[in-house]
Amino acid sequence: MTLPRLAVRHLVKTFAGRRVVDDVSLTVMPGQVTCLLGPSGCGKSTTLRIIAGVDMQDSGTIHVDGQLICDTVDRVPPEGRSIGLMFQDFALFPHLTVAQNVGFGLRGRRDDGRVTALLQKVGMLRYLHDYPHQLSGGEQQRVALARALAPQPRIMLMDEPFSGLDDRLRDDIRDETLEILKSEGTAVLLVTHEPNEALRMADEIALMRDGRVVQRGSPYNIYNAPKDLQAAGFFSDIN
Ligand code: ADP
Ligand code: MG
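For every chain, the first residue of the written sequence is number 1, and numbering continues from 1 onward in sequence order. All chains are assigned letters beginning at A, and all ligands numbers beginning at 1, according to the order in which they are written. Owing to the predicted nature of the model, reporting of local features is limited to residues with pLDDT of at least 70; listing and counting of side-chain atom pairs is limited to 80 or more, with chain, interface and lining totals taken over all residues.

Strands are runs of DSSP state E lasting at least 2 residues, helices are runs of H or I lasting at least 4, and numbering of each runs from the N terminus. Summing up its helical and strand segments, the protein has eight helices and 10 strands in all. With C-alpha atoms as the basis for the radius of gyration, the globule rule is written as 2.2 Å multiplied by the number of residues raised to the power 0.38. For 239 residues, the compact-globule formula gives about 18 Å, and the C-alpha radius of gyration of the protein, at 18 Å, lands near that figure. Projected onto the principal axes, the alpha-carbon positions of the protein cover approximately 50 × 45 × 40 Å.

Set out below in structure tokens:
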């Protein structure tokens, strides 16, 4: 059996006595996309922050390729986890050029060849010397993707990364982003509150509600055999 790239088991996080993340387990297989899907406030971002290592769980474990990276005793720091991050408001540095922004992702290593190859890959090579304010939202997104990929993370965590983009662009950027991540072999955990986005992008969906994962399965299964009325209702008003 293939080992999951990312395995999260029984994660719990409490804020002021409330279980915001309540026994969450999920996996991401190598080269695949798992979507953590659920309404606003259900605990998606908190789960992602714990996996990234910028927040700490009360209990539960996180493994990457079978290696324990975090329980409540041992903790690999965020930069040692081989995890990349893309957030909607994870802005580029305004005072750095496109190439310098991507180079920053290499964390102190200099590798102009890698920067060039990544910019080529995201279709932004001719904007090498431009500054972020000279780019459209979609173009900035591509540069952010190149920056996040620079250190060759084994897993990319994405928190509603497409929600700031305009409707016309969004589908194209989503598809392109997915293609690039797959070509790099990066496993993806994508957080979204949009059923459409999850159905379009996911190999597996973990449906979340009130801090709990209530159902896990393929998009086909989740859409066609929702576990209960509430899950069905969540998918009923998609266009
Ligand atoms: P989602 O990303 O699904 O919208 P979040 O993980 O951001 O949900 O938040 C889940 C719940 O936890 C919300 O009710 C939020 O107000 C609460 N919460 C998140 N972070 C904190 C915090 N640092 N302190 C207290 N409550 C928090
Ligand atoms: Mg959120």
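Strand-to-strand pairing in sheets goes through backbone hydrogen bonds, with the strands running parallel or antiparallel. Pairing between two strands is assigned when DSSP locates at least 2 bridges connecting them. Read across the open sheet, the six strands follow the order 6-7-8-3-9-10; overall the sheet is mixed. Edge positions in the sheet fall to strand 6 (83–87) and strand 10 (212–217), since each has one partner strand and no second. Strand after strand, the sheet turns through a mean of 15 degrees between neighbouring axes, direction not considered. Bridge count for strand 7 (residues 155–159) against strand 8 (residues 187–192) is five bridges, and the pairing is parallel. When the bridges of strand 8 are listed, methionine 156 appears paired with valine 188. By the convention adopted here, residues make contact when the C-beta atoms placed from their backbones lie within 7 Å. Simply put, an axis is a line fit to the C-alpha atoms, just over the touching stretch for a helix, and the angle between two N-to-C directions goes from 0 to 180 degrees. Packing of helix 4 (residues 137–149) onto the sheet brings it into contact with strand 6 and strand 7, and relative to strand 6 it is tilted by some 165 degrees.

What follows concerns the sheet that holds strand 1 (residues 6–15). Ordered in space as 2-1-4-5, the four strands form an open sheet in which the pairing is antiparallel. Two strands in the sheet have a free side with no partner beyond their single neighbour: strand 2 (18–28) and strand 5 (67–70). Direction aside, neighbouring strands of the sheet carry axes that sit 30 degrees apart on average. Taken together, the eight bridges between strand 1 and strand 2 define a ladder with antiparallel strand orientation. In the strand pairing of strand 2, leucine 6 is matched with valine 28.

The rule is simple: place the C-beta atom from the backbone, and if it lies within 6 Å of a molecule or strand, the residue is near it. Around ligand 1 lies a shell formed by Phe15, Val20, Gly38, Ser40, Gly41, Cys42, Gly43, Lys44, Ser45 and Thr46. Looking at side-chain class alone, the shell around ligand 1 contains three nonpolar, six polar and one charged residues. Polarity classes work like this: nonpolar for Ala, Val, Leu, Ile, Met, Phe, Trp, Tyr, Cys and Pro, charged for Asp, Glu, Lys and Arg, and polar for all others, with Gly in that last group.

We now examine the packing of helix 4 against helix 5 (residues 167–184). Close contact between helix 4 and helix 5 brings their axes to 11 Å; oriented N to C, the two are set at 15 degrees. Comparing the axis directions of helix 4 and helix 5 gives the class roughly parallel. Note that helix 4 runs across helix 5; the crossing there is right-handed. On helix 5, the residues that touch Gly138, Gln141, Leu145 and Leu149 of helix 4 are Leu169, Ile173, Thr177, Ile180 and Glu184. Of the residues assigned to the contact of helix 4 with helix 5, the class counts are five nonpolar, three polar and one charged. When an angle is under 35 degrees it counts as roughly parallel; over 145 it counts as roughly antiparallel; between 65 and 115 it counts as roughly perpendicular; any other value is oblique. Left-handed describes a crossing whose near helix is turned anticlockwise from the far helix by less than a right angle; the clockwise case is right-handed.

Let us look at unusual backbone geometry. Although it is not a glycine, aspartate 65 sits at a positive phi angle of roughly 50 degrees. Position of aspartate 65 relative to the elements: it lies in the loop between strand 4 (59–64) and strand 5. If you check the backbone angles, aspartate 210 has positive phi at about 45 degrees while not being a glycine. Take aspartate 210: it is sitting in the loop between strand 9 (204–209) and strand 10. With C-beta atoms placed from the backbone, a residue is buried if 20 or more other C-beta atoms are within 10 Å of its own, exposed if 12 or fewer are, and partly exposed between those counts. Residue classification places aspartate 210 among the partly exposed residues on the basis of 13 C-beta atoms within 10 Å.

Moving on, we get to the pairing of strand 10. Two strands pair when backbone bridges link them, and strand 9 and strand 10 are joined in this way by five bridges, in the antiparallel orientation. Bridge pairing in strand 10 links isoleucine 205 to glycine 217. Hairpin remark: strand 9 followed by strand 10, antiparallel, with two residues in the connecting loop; positive phi at aspartate 210, about 45 degrees.

As for its position among the elements, glutamine 230 is in helix 8 (residues 229–236). As a C-alpha pair, glutamine 230 and serine 183 span 47 residues in sequence and 36 Å in three-dimensional space.

Another point: the confidence of the model for the protein. Taken as a whole, the protein shows an average pLDDT of 92; of its residues, 98% reach a score of 70 or greater. Confidence metrics for the complex model read pTM 0.93 and ipTM 0.98. The predictor's confidence in any single residue is recorded as pLDDT, a number from 0 to 100.

Relative to strand 5, strand 4 runs antiparallel, the two being bridged by three bridges. In the sheet register, isoleucine 62 faces strand 5, and the bridge partner there is cysteine 70. Between the end of strand 4 and the start of strand 5, which pair antiparallel, lie two residues, with aspartate 65 showing a positive phi angle near 50 degrees.

Note that an α-helix has 3.6 residues per turn; residues three or four places apart therefore point the same way. All of the buried residues in helix 1 (residues 44–52) are Lys44, Thr47, Leu48, Arg49, Ile50 and Ile51. A positive phi of about 95 degrees marks glycine 53, the residue just after helix 1.

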